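Here's the letter readout for the chains.
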Amino acid sequence: MSTLRLILASLGHYWRTHIAVAAGVAVATAVLTGALLVGDSMRGSLRYLVLDRLGRIDQMLLTDRFFRQELCAELAAAPGFEDSFETSVPAILLRASLENPDPDKAARANDVNLIGCDARFWQLGHGGPGAMPKPYQVVLNRAAADVLSVAVGDTVLLRLSQPGAIPAESTLGRRHETVRTARLKVAAVVPNEGLGRFGVQPTQHLPQNAYVPLDWLADRLDRSN
């Protein structure tokens, strides 16, 4: 019996077994291909989210201490620093809470990203407001506005912990005047895209952001100099 006739005889006699093996191979191939596609899709989605919320930011200096705004100009003038002063942007990033004072719409947003910035910050990406907020005004992203049930023209209460050299929970820490409250008017609500979802934490969670003028926030923190 030739090899070809032996193969055909085997296929004819064990056709059920061969079909089961072929189906198993097809299912395994489909599962592996799907897993690879899902992995690539998730990786691409995460990359898009990171690039979207960071805009044109290439490097970031994050500290737990305040520093002078003039540091941007000094960095721009340093040898090897390629960016111009306009793209060296100072900002204050803090955690705060917002509250809707309207008794009919009582709502509170905790763990809000409070961002003190100026017009230079919004030049780093898209999704900014039409006009910069003034002192005692705030720009909210859609996520924060929905939690607070507020719109442009409404009022929110900002509760901000006063940072100190000694933590308040320590033995020598201050026990009074550790929280400051300010009444702010909502100047704009930006979409949850671009710098409207700005964040420095590696997470897919949609942040609740509030943007206030940099100089105003520095004054509130007694860090205007």
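All of the points below concern the structure found in this document. Remember, predicted model here, so these are calculated numbers, not experimental data.

1. Some points on the overall build of the chain
Check the secondary structure of the chain and you find six helices and six strands. Listed N to C, the secondary structure of the chain is α-α-α-β-β-α-β-α-β-β-β-α in terms of helices and strands. When each of the 225 residues of the chain is scored for burial, the buried share is 29%. Nonlocal contacts in the chain, meaning residues at least 24 apart in sequence, comprise 71% of its contacts between residues at least 6 apart.

2. Comments concerning a nonpolar patch on the surface
A surface patch of nonpolar side chains, amounting to about 320 Å² of accessible area, comprises M60, L62, L93 and V200. Tracing the chain through its elements places V200 in the loop between strand 5 (179–190) and strand 6 (209–213).

3. Considering the packing of aromatic side chains
To describe a pair of aromatic rings, you give the distance between the ring centres and the angle between the ring planes. The tally for this structure, following the rule as stated, stands at five aromatic pairs. Between the aromatic rings of F121 and F198, the centroid separation amounts to 5.3 Å while the plane-to-plane angle is 90°, which identifies the pairing as edge-to-face. Remark: F198 occurs in the loop between strand 5 and strand 6 and F121 occurs in helix 4 (residues 119–122); sequence separation between them is 77 residues. Centroid distance W122 to Y211: 4.7 Å. Interplanar angle 55°. Geometry classified as tilted. Of this pair, W122 sits in helix 4 while Y211 sits in strand 6, placing them 89 residues apart in sequence. Grouped by ring-pair contacts, the aromatic residues F121, W122, F198 and Y211 constitute a single cluster.

4. Some points on unusual backbone geometry
Note: most residues except glycine have negative phi, and most peptide bonds are trans. Positive phi, normally seen in glycine, also occurs at D111, with a value near 55°. With respect to the helices and strands, D111 occurs in strand 2 (residues 107–117). Classification of D111 by relative accessible area gives exposed; the value is 51%.

5. Quick notes on the side chain of N209
Within the secondary structure layout, N209 lies in strand 6. When its relative accessible area of 0% is taken as the criterion, N209 is described as buried. Side-chain polar atoms of N209 contact the side chain of N113, separated by 3.0 Å. Setting aside chain neighbours within four positions, we find N209 in contact with V112, N113, I115, V139, L140, N141, A144, L195, G196, R197 and F198.

6. Brief notes about the nonpolar core
In terms of nonpolar packing, the biggest core is built from 25 residues, with L98, L114, V138, L140, V156, L184 and L217 touching the most fellow members. Top element by residues in this core is helix 6 (residues 214–220). It accounts for four residues. Formed by 12 residues, the second largest nonpolar core is a distinct cluster that contains I57, C117, V139 and Y211.

7. A few points about the environment of D154
Relative to the helices and strands, D154 is located in the loop between helix 5 (142–148) and strand 4 (155–161). Beyond its immediate chain neighbours, meaning those up to four positions away, D154 contacts S149, L184, K185 and V186.

8. Details of the pairing of strand 2
With eight of 11 residues buried, strand 2 lies mostly within the body of the structure. Note that strand 1 (residues 92–100) and strand 2 share eight bridges and pair antiparallel. Directly across from A96, in strand 2, lies its bridge partner V112. The antiparallel pairing of strand 1 with strand 2 creates a hairpin that spans six residues between the two strands.

Thresholds applied
Residues numbered from 1 in each chain as written. Predicted model: local features only at pLDDT ≥ 70, side-chain atom pairs only at ≥ 80, totals over all residues. Heavy atoms only, no water. Helix = DSSP H or I, 4+ residues; strand = E, 2+ residues; numbered from the N terminus. Buried < 20%, exposed > 50% of the residue type's maximum accessible area, 1.4 Å probe, protein only. Contact = heavy atoms within 4.5 Å. Patch = residues over 30% accessible without salt bridge, like charges linked within 9 Å, V, L, I, M, F, W, Y side chains within 5 Å. Areas by Shrake-Rupley, 256 points an atom, 1.4 Å probe, with all protein chains shown as cover. Salt bridge = Lys/Arg side-chain N within 4 Å of Asp/Glu carboxyl O. Phe/Tyr/Trp six-rings, centres within 6.5 Å; stacked < 30°, edge-to-face > 60°. Polar contact = N/O pair within 3.5 Å; in protein donor to acceptor, adjacent residues only side chain to side chain. Core = buried A, V, L, I, M, F, W, Y, C linked by side-chain atoms within 4.5 Å. Pairing = 2+ DSSP bridges.

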